[in-house]
Amino acid sequence: MALSRETLLQLYEMMVKIRTFEERVAEIYYEGKQPVFNIAAGPVPGEMHLYSGQEAVAAGVCAHLRPDDPVTSTHRPHGHLIAKGVDLKRMMAEIFGKETGLCHGKGGHMHLFDPELHFGCGGIVGGGIPHAVGAALAIKKRGEDRVAVSFFGEGAANIGAFHESLNLAALWKLPAVFIVEDNLYAISVPKTASTAVRSNAERGAAYGIPAVQVDGQDVVAVYEAAGEAVERARRGEGPTLIEAVCYRFRGHFEGDPEHYLPEGEKERWKQRDPIVLLAKQLKDQGWLTDEEAQAIQDRMTALIAEAEAFARESAYPPPEAALTDVFVQAE
Amino acid sequence: MAERLLTTARAIAEAIAQEMERDERVFVMGEDIGAYGGIFGATQGLLEKFGPERVMDTPISEMGFIGAAVGAATEGMRPIAELMFVDFFGVAMDQIFNHMAKIHYMSGGNVKVPMVLMTAIGGGYSDAAQHSQCLYSLFAHTPGIKVVVPSTPYDAKGLMIQAIRDDDPVMYFFHKGIMGLGWMAPNPRATGPVPEEPYTIPFGQADVKREGSDLTILTLSLMVHRSLDAAEQLAEEGISAEVIDLRTLVPLDKATIIESVKKTHRVLIVDEDYKSFGLSGELIAIIAEEALDYVDAPPKRLAVPDVPIPYSRPLEQEVIPSVDRIVQAARELMAE
């Protein structure tokens, strides 16, 4: 099924939005960390795992989701949350550790929660997969047509939580979609050194659920596979597993020396940059001009500059706020 | 009218049933909690009453279903998950420690995790090192988990209803020896009066199970029963022991502890968990910080002496506090 110009342009814009956000966060991240890199320095301290290169996955999946569809994400969550429709200001403010952030500065870049979008993530590999099962269970119990989606990496497909979760979701026929983002590496260890299974889609058979592997650089392929899975879940027909093969353009985290990469590999993958591929497709079809592409880019740049300004201008939380929010009902 | 008597197991199951009737968001999941009724009877009768949609037997996948309880709770349900033995926590520790306990805080208070994780604790019946631990101190150590450890049928019901209605994650530890199971050593205190109507017991309120004036015994769970037996013997010797059942560790009722210490000036802690870096040390630290001037003798503690729980009867009896050892420790404390 050919996608409409409108859909393709929406996907394109979302991917540009994510890429622009991530590349700007990278620039900000290095503020105060040069010439000597100190992870605790600068306006954005701590680890930083950026999503550049994988945008087609978040955009292609989340295009099918409503704000009330629960999504669980990972330590590399920005793309998913942006594609879910987050307020960029509050997201950026959280990354800056500010009071106005999504979590009032208690979460940071790896622990972003947005209850309005039913979005959660975390720094433990595989940790969010069972949460999607539970969210899907809640949906099924209430007889709603929402769908729970869990994003995680191919590294997480080797952890117990993945296997327990898929078994439960299949057993209970839950409205869930599991998205493996195979970006080839679990930090430095390649997929080929982590599992004898070539495609995680093969693992669907172990749980009796449909599974498919798609080209994660091709947003149309992701969009179509995800659309089928989401609709299947909404119809109450149970979970689906999708593996999208993609590539991280910025390494595992900022500061990753990447000496484990085979020579020329990243350059080869960059030839298939998902945004460039889609732009070419749109231009070939006469659906996007260079000027229009530039206008989209400018709009996204301005949006993110606005979010950044908001974050920078926002106040830090008062130190004593560290002692609140342990419990809802503190005695 | 005679008071109605229930075992602790039935009191817990009744609490859950009444909350399930009151609130359709409440459901139960765990291993063998359906047709079996829970290995220790905490869910008996629930499947018949509410059906398999709300009383869900799970496969053996604690990480999966405890994590699913977290996810269902964040979506507004109020799940109760049973971890059959607390000793099995290891396979689900990430979900308990890093997710259940931390999501509310990490979200800046925006996401609630209203769930109950109930689990069986304790030894005394030769189930050895991997089926006999208490471990409540381990969970009380982690910020973000409320820790409830009832000792009687009455408390068990009221604390369970409170736990289900609480908006925070609550771990609820029932000792196998207080459940009133036909296949455990008989324990007369495992059956007691329990009102039929629902009621709650607020967290953070210790209960003075026996008043006394010479020493304070701080304890919980099955050790409350042993301490009460010991207090009766001590009374015959003219020693008046006050027995305080802590009931909840998080939040902890410091005021009742301090008040009692100020009255008796002597403290004995009786704890079935490991001795070092846990509850007994914490209680002594609190007393040192807040009532040091009031204690006339160094506090004493009876706890498992930092060994795994052994299998053989004489070995196990050597490490778990007994009535005799409580009596002995109290005598020594009075002689100081």
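Calculation criteria
Residues numbered from 1 in each chain as written. Chains lettered and ligands numbered in written order. Predicted model: local features only at pLDDT ≥ 70, side-chain atom pairs only at ≥ 80, totals over all residues. Heavy atoms only, no water. Helix = DSSP H or I, 4+ residues; strand = E, 2+ residues; numbered from the N terminus. Rg over C-alpha atoms; globule rule 2.2 N^0.38 Å. Buried < 20%, exposed > 50% of the residue type's maximum accessible area, 1.4 Å probe, protein only. Contact = heavy atoms within 4.5 Å. Areas by Shrake-Rupley, 256 points an atom, 1.4 Å probe, with all protein chains shown as cover. Phe/Tyr/Trp six-rings, centres within 6.5 Å; stacked < 30°, edge-to-face > 60°. Buried area = accessible area lost by both parts, 1.4 Å probe. Salt bridge = Lys/Arg side-chain N within 4 Å of Asp/Glu carboxyl O. Axes fitted to C-alpha atoms, helices over the stretch in contact; angles between N-to-C directions. Parallel < 35°, antiparallel > 145°, perpendicular 65-115°, else oblique. Left-handed = near helix turned anticlockwise from the far one by under 90°. Nonpolar A, V, L, I, M, F, W, Y, C, P; charged D, E, K, R; others polar. Pairing = 2+ DSSP bridges. Domains from an automatic or database assignment. Right-handed = clockwise from strand over helix to strand, strands pointing away.

Chemist: Tell me what's going on with the overall build of chain A, and back it up with residues and numbers.
Modeler: Within chain A one finds 11 helices and 8 strands. Computed over its C-alpha atoms, the radius of gyration of chain A comes to 19 Å, within 12% of the 20 Å expected for a compact globule of 331 residues. Within chain A, the proportion of its 331 residues that are buried is 57%. Long-range contacts, defined as pairs at least 24 residues apart, comprise 74% of the intrachain contacts of chain A with a sequence gap of at least 6. Accessible surface for chain A amounts to roughly 13200 Å². Of this, 55% is attributable to carbon and sulfur atoms.

Chemist: Requested: an account of the packing of aromatic side chains, with residues and values cited.
Modeler: All names here are of chain B. This structure, assessed with the given rule, holds 15 aromatic pairs over all chains. Ring geometry for Phe40 versus Phe174: centroids 6.4 Å apart, planes at 65°, classification edge-to-face. Taken together, the residues span a long stretch of sequence, with Phe40 in the loop between strand S2 (26–30) and helix H2 (46–50) and Phe174 in strand S7 (residues 170–175) at a distance of 134 residues. Judged by its relative accessible area of 1%, Phe40 falls in the buried class.

Chemist: Which residues make up the interface of chain A and chain B, and what values do they have?
Modeler: Taken together, the contact pairs 38 residues of chain A with 45 residues of chain B. Regarding the contact of chain A and chain B, the summed buried area is about 3400 Å², with carbon and sulfur atoms giving 65% of it. Applying the counting criterion to the chain A and chain B interface returns 1 salt bridge. Here Glu75(B) ties to Arg146(A) by a salt bridge, and the two come within 2.9 Å at their closest N and O atoms.

Chemist: Describe in detail the environment of Ser137(B), supporting the description with residues and values.
Modeler: Among the structural elements, Ser137(B) can be located in helix H6 (residues 136–141). Apart from the residues within four sequence positions on either side, Ser137(B) is in contact with Asp273(B), Gly278(B) and Leu279(B).

Chemist: Any chance you could break down the packing of helix H3 (residues 62–74) of chain B against helix H4 (residues 93–100) of chain B for me, citing the residues and the numbers?
Modeler: All names here are of chain B. At a closest axis distance of 8 Å, the pairing of H3 and H4 adopts a crossing angle of 20°. Judged by the inter-axis angle, H3 sits roughly parallel to H4. The way H3 lies across H4 gives a crossing that is right-handed. Of the residues in H4, those in contact with Met63, Ile66, Gly67 and Val70 of H3 are Gln95, Ile96 and Met100. Partitioned by chemical class, the residues of the contact of H3 with H4 number 5 nonpolar, 2 polar and no charged.

Chemist: Pulling in residues and values, what's your account of the sheet that holds strand S9 (residues 207–210) of chain B?
Modeler: By way of backbone hydrogen bonds, the strands of a sheet pair with one another, either parallel or antiparallel. Residue and element names in this part refer to chain B. The strand order across the open sheet formed by 5 strands is S9-S11-S10-S13-S14, and the pairing between neighbours is mixed. The open sheet is flanked by S9 and strand S14 (300–304), the only strands paired with a single partner. Neighbour-to-neighbour, the strand axes of this sheet turn through a mean angle of 25°, independent of strand direction. Along the sheet, helix H8 (residues 222–236) makes contact with S9, strand S10 (215–219), strand S11 (241–245) and strand S13 (267–274), crossing S11 at roughly 170°.

Chemist: Go over H4(B), please, and point to the residues and values.
Modeler: The buried fraction of H4(B) is high, at 6 of 8 residues. When H4(B) is considered as a whole, its buried residues turn out to be Met93(B), Gln95(B), Ile96(B), Phe97(B), His99(B) and Met100(B). Next to the buried residues of H4(B) lie helix H5 (129–142) of chain A together with H3, helix H5 (103–106), strand S5 (116–121), H6 and S7 of chain B.

Chemist: Before we move on, could you go through the pairing of strand S4 (residues 78–85) of chain B and cite the residues and values that matter?
Modeler: All names here are of chain B. Burial of S4 is extensive: 8 of the 8 residues sit out of reach of the surface. Sheet topology note: the S2/S4 ladder contains 5 bridges and is parallel. Within S4, the residue paired with Val26 across the bridge is Arg78. Pairing of S4 with S5 involves 5 bridges; the strand directions are parallel. Pairing of Glu82 across the sheet is with Met118, part of S5.

Chemist: Describe the domain arrangement of chain B, naming the residues involved and giving the relevant values.
Modeler: Often, the extent of an interface is quoted as the loss of accessible area upon association of its parts. Residue and element names in this part refer to chain B. Each assigned domain of chain B is listed here: domain 1 (5–193) and domain 2 (207–335). Taking only C-alpha atoms into account, the centre of domain 1 sits 26 Å from that of domain 2. At the junction of the two partners, domain 1 supplies 31 residues and domain 2 supplies 29 residues. Both sides together, the interface formed by domain 1 and domain 2 hides about 2300 Å², and carbon and sulfur atoms give 54% of it. Along the contact surface separating domain 1 from domain 2 lie 4 salt bridges.

Chemist: Tell me about the sheet that holds strand S7 (residues 211–215) of chain A, residues and numbers included.
Modeler: All names here are of chain A. Pairing is parallel across the open sheet formed by 6 strands, whose spatial order is S2-S1-S3-S4-S8-S7. The outermost strands of the open sheet, each flanked by one partner alone, are strand S2 (119–120) and S7. Where strand S3 (residues 148–153) meets strand S4 (residues 176–182), 6 bridges bridge the pair, whose relative direction is parallel. Along S4, the bridge assignment pairs Ser150 with Phe178.

Chemist: An account of the pairing of S4(A) is requested, with residue identities and associated values reported.
Modeler: Residue and element names in this part refer to chain A. In terms of residue burial, S4 counts as a mostly covered element, since 7 of its 7 residues are buried. Because side chains alternate across S4, one face comprises the buried residues Ala176, Phe178, Val180 and Asp182, and the other comprises Val177, Ile179 and Glu181, equally buried. Traced from S3 through helix H6 (residues 160–171) to S4, the parallel crossover comes out right-handed. In terms of strand pairing, S4 meets strand S8 (residues 240–245) through 6 bridges, oriented parallel. Paired with Asp182 across the strands is Val245, a residue of S8.

Chemist: Please provide a residue-by-residue account of the packing of helix H9 (residues 254–264) of chain B against helix H10 (residues 279–291) of chain B, values included.
Modeler: Residues and elements named next belong to chain B. In the contact formed by H9 and H10, the axes pass within 10 Å of each other and the chain directions differ by 65°. As the angle between them shows, H9 and H10 are arranged roughly perpendicular. Judged by the twist between their axes, the crossing of H9 over H10 is right-handed. In this structure, H9 uses Lys254, Ile257, Ile258 and Val261 to contact H10, whose residues at the interface are Leu283, Ile286, Ile287, Glu290 and Ala291. Partitioning the contact of H9 with H10 into residue classes produces 7 nonpolar, no polar and 2 charged.

Chemist: Account for the pattern of salt bridges, with residues named and values stated.
Modeler: All names here are of chain A. In this structure the tally under the stated criterion is 45 salt bridges over all chains. Salt-bridge contacts for Asp273 lead to Arg19; the nearest nitrogen and oxygen are separated by 2.9 Å. On the criterion of sequence distance, the pair formed by Asp273 in the loop between helix H9 (265–270) and helix H10 (274–284) and Arg19 in helix H1 (residues 5–29) is long-range, its members being 254 residues apart. A salt bridge links Lys280 to Asp284; its shortest N-O distance comes to 2.9 Å. Separated by 4 residues within a single helix, Lys280 and Asp284 lie in helix H10, roughly one turn from each other. Residues participating in the shared-partner salt-bridge network are Arg24, Glu27, Glu31, Glu308 and Arg312.

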